[in-house]
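# Structure at a glance
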There are 2 protein chains.
Amino acid sequence: MKKYAALLKRTKLFSGVGENDILSMLHCLNAQVREYNKGEYAFRQGEYIRSLMILAVGRLHIQKEDYWGNLNILNEIRPGEMFGEAYIVPNSGTLMNDVVAIEESVVLFFDIDRILTVCPSACPFHTQLIKNIFYTISDKNKSLVQKISYMSQRSTREKLLSYLSDEAKRHNSNSFSIPFNRQQLADFLSVDRSAMSNELSKLRNEGMLDFHKNEFTLREL
Amino acid sequence: MKKYAALLKRTKLFSGVGENDILSMLHCLNAQVREYNKGEYAFRQGEYIRSLMILAVGRLHIQKEDYWGNLNILNEIRPGEMFGEAYIVPNSGTLMNDVVAIEESVVLFFDIDRILTVCPSACPFHTQLIKNIFYTISDKNKSLVQKISYMSQRSTREKLLSYLSDEAKRHNSNSFSIPFNRQQLADFLSVDRSAMSNELSKLRNEGMLDFHKNEFTLREL
DNA sequence: AAAGGTCTGTTGTATTTACAACGAAAGCAG
DNA sequence: CTGCTTTCGTTGTAAATACAACAGACCTTT
């Protein structure tokens with residue numbers, strides 16, 4: 001467990017907590033370690049989750065199989081990332097997705113009740129930890145809401161415009177660069193790449209925007 | 001403020017806390033009340049938020065105007081609902097949306113730092129409050145992830161199948177009823193109602209499912 | 001410089017969706 | 001019961017998208 005302290009220090013969950021304090025907290029939080037072979041399921045649809053997890057080593061896929069057996073990959077978890085934070089609410093039903101190790105992986109488990117209940121010994125960093133979790137899922141919440149606002153647009157054009165519009169606001173400038181290449185942007189917006197490229201060209205021809213690679217500039221009309 | 005205690009008792013934020021305890025906590029949390037006229041903006045895009053809000057009376061719209069001036073309503077807030085929980089993270093940038101009162105409205109403000117930092121007098125319900133917030137945004141997170149998983153499907157058919165498939169899992173049965181009428185389901189999945197009705201009919205003709213009003217039954221193939 | 005790979009824009013066609021319009025069924029009010 | 005409103009399914013047409021295929025630009029490697 002000790003060997004993961006350096007990794008944990010860099011996670012959102014333990015942000016602002018020193019390595020020594022992390023080690024003392026691991027006991028307080030009843031931290032557990034589990035290893036998974038490539039292809040092994042960490043969780044299956046229908047299970048209850050009572051912990052918060054951090055992936056220490058390897059790679060996980062959050063995926064889902066529908067009633068007729070079609071597989072769908074929802075998310076990829078990389079080392080340092082927290083997951084399961086949305087499934088620890090009591091009485092909220094069971095896990096809707098599968099979690100599969102696509103490489104040999106190591107996962108750290110933290111007892112959720114020990115995190116949320118301030119312990120009797122009142123570790124000085126417990127409050128910090130609660131804030132960190134809160135901030136992390138708030139942040140994720142925000143990203144999800146934004147993403148839904150793009151995806152709920154009906155056409156590829158409107159999806160592009162709403163996303164680029166938000167990025168311009170976020171950068172306080174009508175010129176900005178985005179963190180995606182074309183295929184990634186298309187995946188993010190859930191549209192076809194070639195159709196999106198096509199639409200970008202149309203928007204450029206109509207004078208609404210300009211772009212070179214990942215650099216975009218929005219134009220007044 | 002006292003007159004809102006009954007309302008607050010029924011909110012997710014104060015779930016499990018008695019009215020008397022709520023009143024004593026309101027001071028501890030530095031609760032503030034603000035009223036808005038119909039049409040008045042509670043918040044504008046670009047502002048920083050340092051509180052958690054609960055709508056006590058009226059109705060609010062979370063909406064967004066893009067770079068070219070197009071308006072888009074993202075969400076409607078009704079009495080008892082909490083909002084702003086995704087925007088209180090420090091250094092996470094500013095509000096991306098506008099919040100507008102579409103009726104005369106009353107909003108309660110709770111200082112976010114006082115919520116997350118356990119107070120010196122250690123009110124017995126402070127831990128409960130933190131859990132409640134955590135559960136609420138976790139829950140919201142979960143709903144958002146599920147919704148994205150439906151919306152990221154490319155066709156109306158796939159959106160329907162992934163949603164209905166999840167509902168069947170959630171009910172542990174291939175027969176279940178959904179909480180939407182057709183138009184609401186179409187809005188939820190961000191598709192055209194008539195196209196969706198059409199697709200439902202096709203699925204029924206193909207023997208994949210049956211439905212009467214809001215009652216659905218999935219069939220093995 | 002040449003070869004191989006990836007990324008991007010473009011085009012054509014088949015498929016799917018949006019939109020408008022309408023009639024039948026169901027629910028509600030007087 | 002009658003008339004009014006809402007909901008739902010259906011259809012036809014215009015518009016948008018998915019998909020496949022390809023060429024040029026840009027990288028990296030040798």
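A brief structural summary. (Residues numbered from 1 in each chain as written. Chains lettered and ligands numbered in written order. Predicted model: local features only at pLDDT ≥ 70, side-chain atom pairs only at ≥ 80, totals over all residues. Heavy atoms only, no water.)

Bringing unusual backbone geometry into the picture now. Residue and element names in this part refer to chain B. Although it is not a glycine, Ser190 adopts a positive phi angle of roughly 60 degrees. Within the element layout of this structure, Ser190 appears in the loop between helix 6 (182-189) and helix 7 (193-205). We note that Lys213 has phi near 55 degrees; this positive angle belongs to a residue other than glycine. Relative to the helices and strands, Lys213 is located in the loop between strand 10 (209-212) and strand 11 (215-218). (Helix = DSSP H or I, 4+ residues; strand = E, 2+ residues; numbered from the N terminus.)

All names here are of chain A. The 4 strands are arranged 2-7-4-5 in an open sheet whose pairing can be described as antiparallel. The open sheet has two edge strands, strand 2 (41-43) and strand 5 (71-77), and neither has a second partner. The average undirected angle you get between the axes of adjacent strands in this sheet is 35 degrees. Bridging between strand 4 (residues 60-65) and strand 7 (residues 98-101) involves 4 bridges; their strand directions are antiparallel. Opposite Leu60, over in strand 7, you have Ala101 as the bridge partner. (Pairing = 2+ DSSP bridges. Axes fitted to C-alpha atoms, helices over the stretch in contact; angles between N-to-C directions.)

On to the packing of aromatic side chains, then. For the structure on display, the rule yields 21 aromatic pairs over all chains. With centroids separated by 6.5 Å and ring planes inclined at 65 degrees, the aromatic side chains of Phe134 of chain A and Tyr135 of chain A adopt a geometry described as edge-to-face. Tyr135 of chain A matches Phe134 of chain A in its accessibility class, with the two residues each being buried. Between the NZ or CZ atom of Arg44 of chain A and the centre of the ring of Tyr41 of chain A, over which it lies, the distance is 3.9 Å. Sitting above the plane of the Phe211 of chain B ring, Arg204 of chain B keeps its charged end 4.1 Å from the centroid. (Phe/Tyr/Trp six-rings, centres within 6.5 Å; stacked < 30°, edge-to-face > 60°. Buried < 20%, exposed > 50% of the residue type's maximum accessible area, 1.4 Å probe, protein only. Lys NZ or Arg CZ within 6 Å of the ring centre and 35° of its normal.)

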